[in-house]
Amino acid sequence: MTMSCCAYSQPHYDLRDVRSYHPPNEPLGLFITSFQVADLNTNRVKDYKYRIYCPTKRVREITDNQWGKDRYLLDEDTTRFNGALIIAEVIVSICE
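Please read all numbers here as calculations on a predicted model, not as lab measurements.

Peer 1: Help me out: how do you make sense of the packing of aromatic side chains in this one?
Peer 2: The description of an aromatic ring pair uses the distance of the two centres, along with the angle that the planes make with each other. In the structure shown here, the tally under the stated rule is four aromatic pairs. Here Tyr 13 and Phe 81 contribute two aromatic rings whose centre-to-centre distance is 5.8 Å and whose plane-to-plane angle is 75 degrees, an arrangement assigned as edge-to-face. You can see Tyr 13 sitting in strand S1 (residues 13-21) and its partner Phe 81 sitting in helix H1 (residues 73-81), a full 68 residues away along the chain. Ring centres of Phe 35 and Tyr 48 lie 5.7 Å apart, and the angle between their planes is 20 degrees; on these two criteria the pair is classed as stacked. One end of the pair, Phe 35, is in strand S2 (residues 30-39); the other, Tyr 48, is in strand S3 (residues 44-53), with 13 residues separating them in the sequence. Residue Phe 35 is classed as buried on the basis of its relative accessible area of 2%. Three or more aromatic residues link up through ring pairs in this structure, and these residues are Tyr 13, Phe 35, Tyr 48, Tyr 50 and Phe 81.

Peer 1: I would appreciate a short explanation of the pairing of S2 in the present structure.
Peer 2: Where a strand is regular, its side chains alternate between the two sheet faces. Of all ten residues making up S2, seven are buried, and the element is well covered by its neighbours. The pairing of S1 with S2 spans seven bridges and is antiparallel. Its bridge partner being in S2, Arg 19 is matched across the sheet by Ser 34. When S2 meets S3, the two strands line up antiparallel, connected through ten bridges. Counterpart to Thr 33 in the pairing with S3 is Tyr 50. Between S2 and the antiparallel strand that follows it, S3, lie four residues; Asn 43 among them carries a positive phi value of about 65 degrees.

Criteria and cut-off values
Residue positions are given per chain, counted from 1 along the sequence in the order it is written. A pLDDT threshold of at least 70 governs which residues receive local features in this predicted model, and a stricter bar of 80 or more applies before side-chain atom pairs are shown or counted, although totals over entire chains, interfaces and linings include all residues. The side-chain quantities take in all heavy atoms of the structure and omit both hydrogens and water. Pairing of aromatic side chains requires ring centres within 6.5 Å, counting the rings of Phe and Tyr and the six-membered ring of Trp. Pairs whose planes differ by under 30 degrees are stacked, by over 60 edge-to-face, and all others tilted. Helix and strand assignments come from DSSP, with helices taken as H or I runs of at least 4 residues and strands as E runs of at least 2, each series counted from the N terminus. Relative accessibility thresholds used throughout: buried, under 20% of the residue-type maximum; exposed, over 50%; partly exposed, between the two (1.4 Å probe, protein chains only). Note on pairing: two strands pair once DSSP finds at least 2 bridges between them.

If you want it as C-alpha cells, here you go:
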C-alpha cells in the first residue's frame, strides 16, 4: 500500500458543541450557530460563531458582533479549515 507524501501533514479537526437558533425577524432557513473546533494536532480548541443561510449554504463568520465575508460553505472550509469539512458538517446538522 502506498501513502501519499502529505497524508499526515493535514490538520485533523474535531467539531464540538454545535448550538444554533433562528433569530426573530430573519428569513426562514437562517441560523446563528456557534461551535467549537479542536485541532487534534495541537490540542487547541477554538470557538466559532456563524450566520448560516441553509437554502443557499452561504455563511458569514461573526467576530466581535461583526459579520465576515459572505462565502459558500466549501470556500469557507477551504479557507478556514484547510479543506476539512467543518462547515459542511455543521450545515448538515442544522439544515437537513
